[in-house]
Amino acid sequence: IAKPGDSAGLYYYAFVPNQNIKPEYFSSAELGIRSSFWDNRIDIDASVYYNVTKNAITLAFVNVSDLGYESADQHEQDARIYVNSSISNTTLMGLDFYIRFKNLAKRFDLNIDIGGSLTDGKETLPNGDKINFTRGVPSVMVKLKTHAKLKKGFYCTMHNYIVNGWHRTFLPSADYYVNEYYPNISGYFVTDFLIGLQIHKTLNVFIDIDNVFGAKYGGIDATGTDADLRYNPQTCFNGKFGLS
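No experiment lies behind these values; they were computed from the predicted model shown. Residue numbers restart at each chain and count upward from 1, following the sequence in its written direction. In keeping with the predicted nature of the model, local features appear solely for residues at pLDDT of at least 70, side-chain atom pairs appear and are counted solely at 80 or more, and the whole-chain, interface and lining totals rest on all residues. No hydrogens and no water enter the side-chain calculation; it runs on all heavy atoms of the structure.

Visitor: Quick rundown of the packing of aromatic side chains? Include the residues and the values.
Guide: Two rings from Phe, Tyr or Trp (for Trp, the six-membered ring) form a pair when their centres sit within 6.5 Å of each other. Planes less than 30 degrees apart are called stacked, planes more than 60 degrees apart edge-to-face, and all others tilted. For the structure on display, the rule yields four aromatic pairs. Between the aromatic rings of Tyr177 and Tyr182, the centroid separation amounts to 5.4 Å while the plane-to-plane angle is 45°, which identifies the pairing as tilted. Relative accessibility under 20% of the residue-type maximum defines a buried residue, over 50% an exposed one, and the middle range a partly exposed one, all with a 1.4 Å probe and only protein chains included. On the accessibility criterion, Tyr182 (33% relative accessible area) is partly exposed. Each ring, one from Tyr188 and one from Tyr217, has its centre 4.3 Å from the other, and the planes form 25°; the classification is stacked.

Listed below in structure tokens is the structure:
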């Protein structure tokens, strides 16, 4: 980024690459089950897991003039760089599940799918602080899908998404934030709805509505750095009509 005024000809480096970055070390244990019941009208797929990540890739700050970058502005804040941390590690355990109920009402060919994740974990930060949660990971995520054929040719599908709150990724130390609400991102509930008519095997008409109730949610936490916006608003109620 070129600097104006007294710093003309100098550059502010927000991020710099690390050519010596090493892989993270990841180990995992998992136990699962997959089965069908009630004359194959109920399918279940579930697994529990325990993951450990070491030699984590974490954020650090560096004076770019010390790295020999051309025309670096030494009066600006240090640049961000990703490095490996021998201290930092993450432990994550959880349950992933998927259940499908098929043909519950034969007249409407009603199918219901329920899936989601339940997680818990802890971390050691690069400075040695320990936290009893895993950053950037909601502890509860559930998706409910309902699909039915109302009359000949008519069909509808509804998706519901439930996600509870999670913790922002950027956390240099356990007590970094003075405002305890700032590092916490709120959960959300979103409903999408699709209704269509199969007029012919080659012609389909549909109305697709996303975020039916206009839920306001955000917090992508895209890069895990101090440069992220805390709240990244998502599209609210929107719909479309189409032919295919």
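On we go.
Visitor: Could you give an account of the pairing of strand 9 (residues 154-163), with specific residues and numbers?
Guide: Regular strands place side chains that alternate from one sheet face to the opposite one. As paired strands, strand 8 (residues 140-148) and strand 9 are joined by eight bridges and run antiparallel to one another. Pairing of Lys143 across the sheet is with Tyr161, part of strand 9. Strand pairing is assigned whenever DSSP detects at least two bridges linking the two strands. Numbering of helices and strands runs from the N terminus; a helix is a DSSP stretch of H or I covering at least four residues, while a strand is a stretch of E covering at least two. Across ten bridges, the pairing between strand 9 and strand 12 (residues 188-200) is antiparallel. Of the residues in strand 12, the one forming a bridge with Tyr155 is Gly196.

Visitor: Hey, could you go over the nonpolar core for me, with residue numbers and the actual values?
Guide: Soluble, globular proteins show a tendency: their nonpolar side chains are buried together. Core analysis: the biggest nonpolar cluster contains seven residues, these being Leu59, Leu125, Ile131, Phe133, Phe170, Leu171 and Tyr177. Any two residues having at least one pair of non-hydrogen atoms within 4.5 Å are treated as being in contact. Discounting chain neighbours no more than four positions away, the residues touching Phe133 are Gly121, Lys122, Glu123, His167 and Leu171. To form a nonpolar core, buried Ala, Val, Leu, Ile, Met, Phe, Trp, Tyr and Cys residues must be joined to one another through side-chain atoms within 4.5 Å. Core analysis: the second largest hydrophobic core is formed by five residues, Val62, Val64, Ala79 and Ile81 among them.

Visitor: Any chance you could break down the environment of Ala14 for me, citing the residues and the numbers?
Guide: Of note, Ala14 is situated in the segment before strand 1 (25-37). Discounting chain neighbours no more than four positions away, the residues touching Ala14 are Ala79 and Arg80.

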